Amino acid sequence: MVKDQTRYLRLANITKLINTKLELRDVLNHVVTAISEEIVRCDSVGIYLPQQDGSFRGFVGKPEVINGMTLDMHTIDTDFDLLAKEVIETQRTIYIPDTSKDHRPDPRAVEAFKIKSLLVLPITGETELFGLVFLFDYGTPMNLTEIEIQTVQSYVNMAAVAIQNAKLLTHKEELIKEKQLLLDITRDLSLCSTMQEALDICFLYIEKVLGNNNIGIHLVDPLVHMKIKPTTINRKSDWSVEAWVKSHDEIKFDVENDKVFEEVIATRKAELIPDVFSDDRVNHKACRHFGIQSMFILPIVSMGKVLGLIVIADLFKKNPNYSQASQQLTQSIVDTTASTLLNLLNMEKQESIIKQRTEEITEKNNELETTMKELQRLSREKELILHSAGEGIFGLDLHGVITFCNPAAATTLGYNSKNELIGKPVSIIYNENHTNLDEVTFFRRDQSNFPVEYVRSSIKEGDRMVGEVVTFKDISERKKMEKEIRYHAYYDSLTDLPNRVLLKDRMQQGLSIAHSRKEKAAVLFMDLDRFKSVNDLLGHSYGDILLVHVARRISACLPEGATASRQGGDEFVIYLPYIESEAEVIEVAEKIVDQFNKPFNLKGHEMHIHSSIGVSLFPQDGQTAELLIKNADIAMYQSKTVSGSSYQFYHLAMDIRTFENVKLENALYKALDREELEIYFQPQIDYSTHTLIGTEALLRWNHSTEGLISPDRFIPLAEETGLIVPIGEWVIRKACNQIKQWQAKGYPSIIVSVNLSARQFEQNNLFQTVKGILDEVGVSPKLLCLEITENQIIKNTELTIQTMKKLQAIGIKMSIDDFGTGYSSLGYLKNLPINALKIDKSFIRELKSNDDNSAIANTIITLAKNLGLDVVAEGVETLEQAEFLASRECYIMQGYYFNVPLKVNEFESTYLVTKGELL
C-alpha cells in the first residue's frame, strides 16, 4: 500500500511538473528517476526522441555515459535493431526476458552490454509516436512482472503527456511570436514614408524568420503597366545593390520570359525550389551567374493586384531547412508589406505623374514666355501658334473677355470649336473670386465641373500689360486616385466598414466628448464561432462572402451615430456613443444575436454560424478606447462558454475568477499528497425488495481550509490539467480495496460503481491499469461497474468501444451514466458493450408535473427492457417518484429519498450490518 501511495505521489508530482514551466528535459529526468527507482533490477533507462531525419536519438536516461558515450550520442539503427523497428511500427510494448532466445534486439548492443533482458515501450498519444523508452540490464536479467511493466507504462504515459504538452506549448509560443512579429511589422510599416524604408523592414523580418539575408525584390514599374523589373536587394546581402541590378541587365534577365516567375505570378502562390539545377523551369544561366543553389519565390499581392515578387536565394546549400510554418509566416510578412507597397507605389506613380506634368507645364510656360516675346513683334493673329499646345490655353483681355483659345481648351471644356468661346466672358469657365488657389474648378459647356491645375501669366507689350494667358490641366483622374488612397487608409476593403484606425479616431473623439458631458458609451467586441471551419470546408473566398454578409447584418442593427468596425479576420468592434442605459446596449446585442439565428447563404451553401459578443461600458469598465476594447474582448471569451450566439457584459469578477481558478488548480495538485481526497458511497436500492444491491463511489475533496469543495468545481479542472488520470486510477484502486475490506469483514457482496472520465479512456493502458488493480487487490471483476456518459463514447467511439469490450470480457459491468442528456444514436445503442442504463436525474426531478419527462423516462425504461439491459434511476428524491418508477417496473433506484452519499463508516453501519436489508 505504501508503494502504491508513493507511486501515486510520483505520478501526481510528475503531473504537476508537466503543468509548470519546467523544461521537457527536467520533467523526463523525473520520469527516468521514477522508473529506475521502481525497477531496482534495471541497470539502464533511456528515453529516445525522433529526429527530423526519422531516426531516434537519446535524450535523457541513466546512466548518462554508456561505453564512453553520452546518451545523446546514441542513435537507434532499425536496420539492426528489429525490436525497436517492431515497437515503432506497432506502437506496442515488448518485453524480452531472455535475449539469447530472441533475434530481434540489436546483436551489437546485446553483446557489448551483456544484455540478458530488455523492455522497450512506445511513448504515444492517441495515434502519434513521441519516442521510445529502453530498459535493460548488464548481465543480470530484470525478471519483470506484469505489474512492474504496467507501472513503467504509467510513467511512460506521463512522459507522453509531457512531450505532447511541450509540443503544444512550443506551438503556442511560436504562434504568439508569429502574431507579435506580424504586429511589429504592421506597426513599423505604418511609419514608413518611402518605398526603401518599407522594403528594408520587409527584408529585416524575412531574415529573422528564414535566417537568410540574400533577399531580392522585383516590382511593378509604376509608369509602365504590369512591367515587373529588378528593383533592389537586402542591404545585408552578399551582393551590393548596384552590382545586383547591373548583373540583371548584363545577363538580359526578363521576368516575363522566366517560367518560374510566370507561374508564381499566374498562380499567386509561393514556390520553393530546393535544387535549382534539377528544375527545368529555372533560368540556370542566371542561377550560375549569382551562385544560387536553391531559392524561395513569393508573390506580392494586394487588392487583387500582383505588385511584384520576392526572391530568397541560398548560395551555399541545396534543400534549405525552411519549415512549412516558416514558409507560411514569410508569406504573411510579404502579404502585410504588400498593402503598404501598394499605397507607396500609387503615391510614387502619382508623384511621378505630377512631376512629369509639372515639368511639362513648366516647359510649356517657358515656351509660352518665348512666344509672348515673339508676340511683341508679331501681330495678334500670330498667337494661333498656341493651338499646337497639348494643355488647354486661352487668352484674356483686360476686361476678362476670351480673346483666343487652342483646340485642347475647347475640347476639354466641351465646346465644338474655339469660336464658341472667343468673345465670351471668362466667368463661363471659372469664378474670378476663386482664382487665387493652385487648384480650382472649371465649368464645361453643359455646366458640369472638373478640377484643374492652372497657371495665369501676363501678356505685356513693353512695360504695359495688355492681357493674360491661362494654361490649365484636367486633374480629375489624379483626384480620383487620391480619394481611393484616402478610402483605403480608413476603411476595410472587403466589408466597407471603418478599419481600426478610423474606429480609434472616432472613439477617442467620442469618449472625450462623453467625458466632458458625463455621458455613457458602450463597446461590443464580437467574433464568429467556427469561422475557420468555413474557410477550411469551402475556401477563403466563401469566408470573405460570409464576412460581407455579417457586416451588412450588423450594420442593419445599429442606431444612428454608432460605428461598426472590422478589426481583422472574423473580429468586429461596435462603438455605441450617447447611450442612456444598459437596456439600449442589450437591445442592440439581442438584435445582432437574432440576426445569427438565421442561416447564411454562401453561393448555394447554407451555413448556420454563431457569434460571441462581449460588452464593456464607459466609464465604469475603462476610460480609454484600448481598455474598453480589451475588456469587451475578455467578456467575449466568457460568452463563448455559452452554446449558440450570446453576449456577456464585462465585470471585474471575470479577472478575479481566473485568479481563483489558479489557486484551486495549485491546491488540487497537493490534494493527493495531503490525503484530502476521499470516497463517499451512495446506496443503490432494489425498491421491489427494499434491499441494498450496490453503491456508487463518489469522489469528494475535503480541503484543509475551505472544507468540502463541490465536484462541479474541481472535476472539470482535473480534466483540463490531466490530473484526472492519476486521480481516476486512485479512485478505482480505493474502491477495489474497499470491496476487499468489506469481504474480509464478512459483509454481503455488492457491486460498486465508479465513474470514468474521457481523459482516462484516451490512455492506451486503461484496460491494463484496471485489470492490474483487480489482480493486485484480489477482487472479482464482477463486483466492479464502470460508468461512462454518452458524450464520452461519441468523442472517440472506436477507441472507447474497443476498451469497453475488453473490460466487459473479463466480467466488469459497463453502464451509461446520465442517459438521455447526450447525443447518442439509438440505432447503435444495441451494439454497445453495456449492461445498464442510468436515467439522468433531470428527467426524474419533474416526473410528477412534466408529462414530457415522464414520457422520456418511460421510453428509456422500455428501451432498456427491449435490449435486455438493467435500468437505474438516479436522483430519486420523493415517494411519488419512487412509486411512479416502480409502476413502470423500474426498481433499481438511488437518490436522496433513500440516502445522501455517506462516508464509509456511516455506509457500513447503515446498510452492511443489516446484510443488505433496509431498516
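Conventions and cut-offs
- Residues numbered from 1 in each chain as written.
- Predicted model: local features only at pLDDT ≥ 70, side-chain atom pairs only at ≥ 80, totals over all residues.
- Heavy atoms only, no water.
- Pairing = 2+ DSSP bridges.
- Helix = DSSP H or I, 4+ residues; strand = E, 2+ residues; numbered from the N terminus.
- Contact = heavy atoms within 4.5 Å.
- Axes fitted to C-alpha atoms, helices over the stretch in contact; angles between N-to-C directions.
- Buried < 20%, exposed > 50% of the residue type's maximum accessible area, 1.4 Å probe, protein only.
- Polar contact = N/O pair within 3.5 Å; in protein donor to acceptor, adjacent residues only side chain to side chain.
- Expected span 1.5 Å × (residues − 1).
- Phe/Tyr/Trp six-rings, centres within 6.5 Å; stacked < 30°, edge-to-face > 60°.
- Lys NZ or Arg CZ within 6 Å of the ring centre and 35° of its normal.
- Salt bridge = Lys/Arg side-chain N within 4 Å of Asp/Glu carboxyl O.

A.B. asks: Talk me through the sheet that holds strand S7 (residues 118-125); I want residue IDs and the actual numbers.
C.D. replies: Across the sheet, which stays open at both edges, the six strands sit in the order S5-S2-S1-S8-S7-S6 with antiparallel pairing between neighbours. At either margin of the open sheet sits one strand with a lone partner, and together these are strand S5 (75-76) and strand S6 (94-96). Sheet topology places strand S1 (residues 44-50) next to strand S2 (residues 56-62); six bridges connect them, and they run antiparallel. Paired with Pro 50 across the two strands is Phe 56, which belongs to S2. Helix-sheet contacts for helix H2 (residues 24-38) involve S1, S2 and strand S8 (128-136), and the interaxial angle to S2 is about 60°.

A.B. asks: An account of the side chain of Thr 695 is requested, with residue identities and associated values reported.
C.D. replies: On the secondary structure map, Thr 695 appears in strand S27 (residues 691-703). Assessed through its relative accessible area of 0%, Thr 695 is described here as buried. Looking at Thr 695, its side chain comes within polar contact range of the main-chain oxygen of Gln 682, at 2.9 Å.

A.B. asks: Tell me what's going on with the sheet that holds strand S25 (residues 646-649), and back it up with residues and numbers.
C.D. replies: Spatially, the five strands line up as an open sheet ordered S20-S21-S19-S24-S25, and their pairing is mixed. Of all the strands in the sheet, just strand S20 (563-568) and S25 have a single pairing partner and so form its edges. Across this sheet, the average inter-strand angle for adjacent strands is 20°, counted without regard to direction. Pairing of strand S19 (residues 520-528) with strand S24 (residues 611-618), which is carried by eight bridges, proceeds in the antiparallel orientation. In the sheet register, Ala 521 faces S24, and the bridge partner there is Phe 618. Sitting on the sheet, helix H17 (residues 625-639) touches S19, strand S21 (571-579), S24 and S25, and the angle it makes with S24 is about 140°.

A.B. asks: Quick rundown of helix H20 (residues 724-744)? Include the residues and the values.
C.D. replies: Spanning 21 residues, H20 covers 30 Å between terminal C-alpha atoms, matching the ideal 30 Å at 1.5 Å per step. Counting buried positions along H20 yields 16 of 21 residues, so the element is predominantly enclosed. Directly beyond the C-terminal end of H20, a positive phi value near 80° is found at Gly 746.

A.B. asks: Residue-level account of the packing of aromatic side chains, with values.
C.D. replies: Enumeration over the complete set of coordinates arrives at 21 aromatic pairs. Centroid distance Tyr 430 to Tyr 454: 6.2 Å. Interplanar angle 40°. Geometry classified as tilted. Of this pair, Tyr 430 sits in the loop between helix H11 (407-412) and strand S16 (439-443) while Tyr 454 sits in strand S17 (residues 449-461), placing them 24 residues apart in sequence. The exposure class assigned to Tyr 430 is buried, which follows from its relative accessible area of 1%. With centroids separated by 5.1 Å and ring planes inclined at 75°, the aromatic side chains of Tyr 897 and Phe 898 adopt a geometry described as edge-to-face. Of the aromatic side chains, those joined through ring pairs into one cluster are Phe 394, Tyr 430, Phe 442, Phe 450, Tyr 454 and Phe 472. Here the basic side chain of Arg 553 rests over the ring of Phe 600, its NZ or CZ set 3.7 Å away from the ring centre. The ring of Tyr 680 has Arg 700 sitting right over it, with the charged end atom 5.9 Å from the ring centre.

A.B. asks: I'd love a proper account of the pattern of salt bridges, names of residues and values included.
C.D. replies: Per the counting criterion, the structure on display carries 24 salt bridges. The closest approach of N and O atoms between Asp 492 and Arg 566, which form a salt bridge, is 3.2 Å. Here Arg 566 lies in strand S20 and Asp 492 lies in the loop between helix H12 (476-490) and helix H13 (500-517), a separation of 74 residues in the sequence. Arg 566 matches Asp 492 in its accessibility class, with the two residues each being buried. Note that Lys 838 and Glu 874 form a salt bridge whose closest N and O atoms lie 3.8 Å from each other. One end of the pair, Lys 838, is in strand S32 (residues 836-839); the other, Glu 874, is in strand S33 (residues 870-874), with 36 residues separating them in the sequence. Classification of Lys 838 as buried rests on a relative accessible area of 1%. Taking the relative accessible area as the measure of exposure, Glu 874 reaches 8% and is therefore buried. Here the residues in one salt-bridge network are Glu 86, Arg 92, Asp 102 and Arg 104, joined through shared partners.

Take it as geometry only, folks, not as evidence of what the structure does.
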